[in-house]
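Fold and contact review
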Amino acid sequence: MHDPVAWPVTVNDTTLRDGEQTAGVAFTDEEKLQIARALDDAGVPEMEVGIAAMGDAEVAVIRAITRSGLRARTMVWARMSEIDLRLAARCDADLVHLAVPVSDIQITHKLRQGREAVLAMVKRCVAAARDAGLTPSVGLEDASRACPDFLLRVVETAQRAGAVRVRYADTLGLLDPFTTRDRIASLRSECDLEIEIHAHNDLGLATANTLAALHAGATHASVTVNGLGERAGNAPLEEVVMALRHLYGVETGVDTRTLPALSQRVAGAACRPVAANKCIVGEAVFSHESGIHVDGLLKDRRNYETFDPAEVGREHRLVLGKHSGAAGVRAACQRLGLPLPDEAVPLLLERIRAHATAIKRAPSDDQLERLYIGVLPLAGLVN
Ligand SMILES: CC(=O)SCCNC(=O)CCNC(=O)[C@H](O)C(C)(C)COP(=O)(O)OP(=O)(O)OC[C@H]1O[C@@H](n2cnc3c(N)ncnc32)[C@H](O)[C@@H]1OP(=O)(O)O
Ligand SMILES: O=C(O)CCC(=O)C(=O)O
């Protein structure tokens, strides 16, 4: 185990906000409620449940979630504006998250404002949230492309105005873990607020960057089920939770046995099937075919086990195919009660390889039995 992350880590699941922003994804109200309940049942401690500025219908479903007696803390997303703040205030969420671009590119070319205007917005809106009795968190959109000195000024302004948290967003997924670690360590040394890392996966580094940020002192991590989210998505809940446990011995409170069901629920509601090889929750990630691996697993599971699949309510599956070896074939025949003399093993293996190459799947039990019956006469074992 490497250096432990020395402080409590809170995962903030944003499947219902950034996850739903995935192009083409739209949850019904009932699906949003069910996902919120399932996340809560799984022990997810915090969730970002929606965007109040989308209007009355969204405010209504956000309120239905925040008033449904969840154990999890809830967060509602808003732009850094009084109008959004008023709508967010109607949502009864535990945290109101006020987000503002902090990179010059976005300040100039999206907001069409200047840095001073951003600082003024933060001061005004965060203070207004406080005055309204809300608990404000501040989103630093595009933080990874921001001028570090200006970023700090925004953070200081947010802290002085009463924010409890800043969210460092790698909006375009441009960071690597080394830079993330440096950036968050520097922020950590300059402010006392909670720091949430919000990593996107455009270069496939969202989980790595999230872990690097937690190493460097971030207290919260934005995650989504299956990594759903804008473009290539966010850091997947299942990856961050399992990596924290297995790399650093850090528990997040999430019951990891619920992860596959959560994954299926979100994949179904999002109409985004999970790839078979998606780590932790993919259908095939505990299946083994290669002869050397199967032999090793049969001798002692620790030979080829990253973690016990039972942790996520699953088990190893041994399948036969083009890469099988004798141990795997013997085990499969034994499981089916088919006595397999040594001289028949190479013949059966040959048939299995040909079969798997032709149909590009493992043989079913029936198919294996037929292949088995076919080789016995060749091995001189039946007439
Ligand atoms: C990086 C992120 O994920 S940020 C979250 C993004 N999520 C979404 O956009 C999903 C939900 N969005 C929506 O429903 C709509 O875009 C709404 C309701 C928020 C706004 O809708 P509209 O008023 O029709 O504006 P539209 O979407 O065309 O443009 C966004 C406006 O917000 C402004 N804006 C964008 N981000 C921010 C911000 N963080 N703070 C303040 N203003 C902002 C833009 O400059 C633009 O303003 P302009 O029209 O004066 O130029
Ligand atoms: O809330 C924020 O500030 C982050 C918004 C976001 O989703 C992003 O920047 O990728």
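Residues numbered from 1 in each chain as written. Chains lettered and ligands numbered in written order. Predicted model: local features only at pLDDT ≥ 70, side-chain atom pairs only at ≥ 80, totals over all residues. Heavy atoms only, no water.

1. Describing the domain arrangement of the protein chain
Quoted interface sizes are often the accessible area lost when the parts come together. Taken as a whole, the protein chain is organised into domain 1 (10–270) and domain 2 (287–375). Each of domain 1 and domain 2 was reduced to a C-alpha centroid, and the two centroids are 45 Å apart. On the side of domain 2, six residues touch domain 1, which itself brings seven residues to the contact. Note on domain 1 versus domain 2: buried area summed over both sides is about 480 Å², and carbon and sulfur give 62% of it. For Arg245, the salt bridge goes to Glu311, with nearest N and O atoms at 2.8 Å. (Domains from an automatic or database assignment. Contact = heavy atoms within 4.5 Å. Buried area = accessible area lost by both parts, 1.4 Å probe. Salt bridge = Lys/Arg side-chain N within 4 Å of Asp/Glu carboxyl O.)

2. Overview of the pairing of strand β3 (residues 73–79)
Within β3, five of the seven residues are buried, which leaves it mostly tucked inside the rest of the structure. Note that strand β2 (residues 46–51) and β3 share five bridges and pair parallel. If you follow Met47 over to β3, its bridge partner there is Thr74. Taken together, β2, helix α3 (residues 56–66) and β3 constitute a β-α-β crossover, and its handedness is right-handed. Pairing of β3 with strand β4 (residues 95–101), which is carried by five bridges, proceeds in the parallel orientation. Its bridge partner being in β4, Trp77 is matched across the sheet by His97. Since β3 and β4 lie parallel, the crossover through helix α4 (residues 82–89) that links them has a hand, and here it is right-handed. (Buried < 20%, exposed > 50% of the residue type's maximum accessible area, 1.4 Å probe, protein only. Helix = DSSP H or I, 4+ residues; strand = E, 2+ residues; numbered from the N terminus. Pairing = 2+ DSSP bridges. Right-handed = clockwise from strand over helix to strand, strands pointing away.)

3. Digging into helix α8 (residues 177–190)
Between the first and last C-alpha of α8 there are 20 Å, a value that for 14 residues agrees with the 20 Å anticipated at 1.5 Å per step. For α8, every residue scored as buried is listed here: Thr180, Ile184 and Leu187. For α8, the angular spread of buried residues about the axis comes to 60°, placing them on one side. α8 presents Phe178, Asp182 and Ser189 as exposed residues on the side facing more than 90 degrees away from its buried surface. (Expected span 1.5 Å × (residues − 1). Arc of directions from axis to C-beta.)

4. Overview of the pattern of salt bridges
If you walk through the whole model with that rule in mind, you get 32 salt bridges. Notably, a salt bridge pairs Glu20 with Lys32, separated by 3.2 Å at the nearest N-O pair. Remark: Lys32 occurs in helix α2 (residues 29–42) and Glu20 occurs in the loop between α1 (15–19) and α2; sequence separation between them is twelve residues. On the basis of relative accessibility, which here comes to 1%, the residue Lys32 falls in the buried class. Arg165 is paired through a salt bridge with Glu196; the nearest N and O atoms lie 2.7 Å apart. Here Glu196 lies in strand β7 (residues 194–199) and Arg165 lies in strand β6 (residues 165–170), a separation of 31 residues in the sequence. Under the relative-accessibility criterion, Arg165 is labelled buried at 0%. With relative accessibility at 0%, the residue Glu196 sits in the buried group. Among the ionic contacts, a cluster of salt bridges with common partners joins Arg17, Asp18, Glu46, Glu48, Arg73, Arg165, Arg167, Glu194 and Glu196.

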